[in-house]
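Coordinate inspection notes
So you can see what is in the structure, the chains are spelled out below.
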Amino acid sequence: QVQLVESGGGLVQAGGSLRLSCAASGTILSINNMGWFRQAPGKQRELVAVITSGDITNYADSVKGRFTISRDNAKNTVYLQMNSLRPEDTAVYYCNAKLRSYRIPGSHDYWGQGTQVTVSS
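Cut-offs applied
Residues numbered from 1 in each chain as written. Predicted model: local features only at pLDDT ≥ 70, side-chain atom pairs only at ≥ 80, totals over all residues. Heavy atoms only, no water. Salt bridge = Lys/Arg side-chain N within 4 Å of Asp/Glu carboxyl O. Buried < 20%, exposed > 50% of the residue type's maximum accessible area, 1.4 Å probe, protein only. Helix = DSSP H or I, 4+ residues; strand = E, 2+ residues; numbered from the N terminus. Core = buried A, V, L, I, M, F, W, Y, C linked by side-chain atoms within 4.5 Å. Contact = heavy atoms within 4.5 Å. Disulfide = S-S within 2.5 Å. Phe/Tyr/Trp six-rings, centres within 6.5 Å; stacked < 30°, edge-to-face > 60°. Lys NZ or Arg CZ within 6 Å of the ring centre and 35° of its normal.

Details of the pattern of salt bridges
Once the charged atoms of two side chains with opposite charge are near each other, the side chains can pair. The final tally for this structure, using the stated rule, is five salt bridges. Residues arginine 38 and glutamate 46 are paired through a salt bridge, measuring 2.7 Å at the closest nitrogen-oxygen approach. The class for arginine 38 is buried, based on a relative accessible area of 6%. Glutamate 46 gets classed as partly exposed once you look at its relative accessible area, which sits at 36%. Among the salt bridges present, the one from lysine 98 reaches aspartate 109, with a minimum N-O distance of 4.0 Å. Here lysine 98 is found in strand S9 (residues 91-101), whereas its partner aspartate 109 is found in strand S10 (residues 107-111), with 11 residues between them in sequence. Ionic contacts of the salt-bridge type, sharing partners, join the residues Arg38, Glu46, Arg66 and Asp89 into one network.

Structure below.
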């Protein structure tokens, strides 16, 4: 059993900051990529940022220079520091991890339950 638990969402004014955290736990053998996706009402889920096990990062153009993804491998945790937030950043943010479990052969994607981020203008 693998779980991804997110925290840190909430309501913030435009220009403000939030920090999201996502901790993976359970029967984990190894974690490859960890990332954040978001889904706004009426829109498809989109990639926000991803970080590899070697700390290579990639960001959506819309968040470059404002968001920073990082990870703590000892804690199986990924973070998303979000600065200069805009109303268009409002969405449910989902944590994703591509990992190997003791229970299932191969590498698979796991998702958190989502955390709401609302940016008021």
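Anyway, onward from the coordinates.
Overview of the nonpolar core
Residues Trp36, Leu80, Met82 and Tyr93 are the most contacted members of the largest nonpolar core, which totals 32 residues. Breaking this core down by element, the ones donating at least two residues are strand S1 (2-7), strand S3 (18-26), strand S4 (28-39), strand S5 (46-51), strand S7 (67-72), strand S8 (77-82), S9 and strand S11 (115-120). Looking at this core element by element, the count peaks at five residues for S9. Not counting the four nearest positions on each side in its chain, methionine 82 is found in contact with Gly16, Ser17, Leu18, Leu20, Arg66, Phe67, Tyr93 and Val117.

Examining the environment of cysteine 22
The residue cysteine 22 is located in strand S3 in this model. Residue cysteine 22 is classed as buried on the basis of its relative accessible area, which comes to 0%. Cysteine 22 has contacts with Leu4, Val5, Glu6, Met34, Trp36, Asn76, Thr77, Val78 and Cys95, leaving out every residue within four places of it along the chain.

A few points about unusual backbone geometry
Excluding glycine, most residues fall at negative phi; most peptide bonds, likewise, are trans. Even without glycine at this site, asparagine 76 takes up a positive phi of about 50 degrees. Following the sequence through the fold, asparagine 76 ends up in the loop between S7 and S8. If you check the backbone angles, serine 84 has positive phi at about 50 degrees while not being a glycine. With respect to the element layout, serine 84 can be found in the loop between S8 and S9.

Quick notes on the state of the cysteines
All told, the structure shown has one disulfide when counted by the stated rule. Note that cysteine 22 is cross-linked by a disulfide to cysteine 95, the S-S spacing being 2.1 Å. Across the S-S bond linking cysteine 22 and cysteine 95, the dihedral sits near -80 degrees, which makes this disulfide left-handed. A residue pair is termed long-range when its members are at least 10 positions apart, and cysteine 22 in strand S3 and cysteine 95 in strand S9 qualify at 73 residues.

Some thoughts on the packing of aromatic side chains
What the rule picks out here adds up to one aromatic pair. When the ring centre of tyrosine 79 is taken as origin, the NZ or CZ atom of arginine 19, which lies over that ring, is 4.1 Å away. Sitting over the face of the ring of tryptophan 111, arginine 45 holds its NZ or CZ atom 4.8 Å from the ring centroid.

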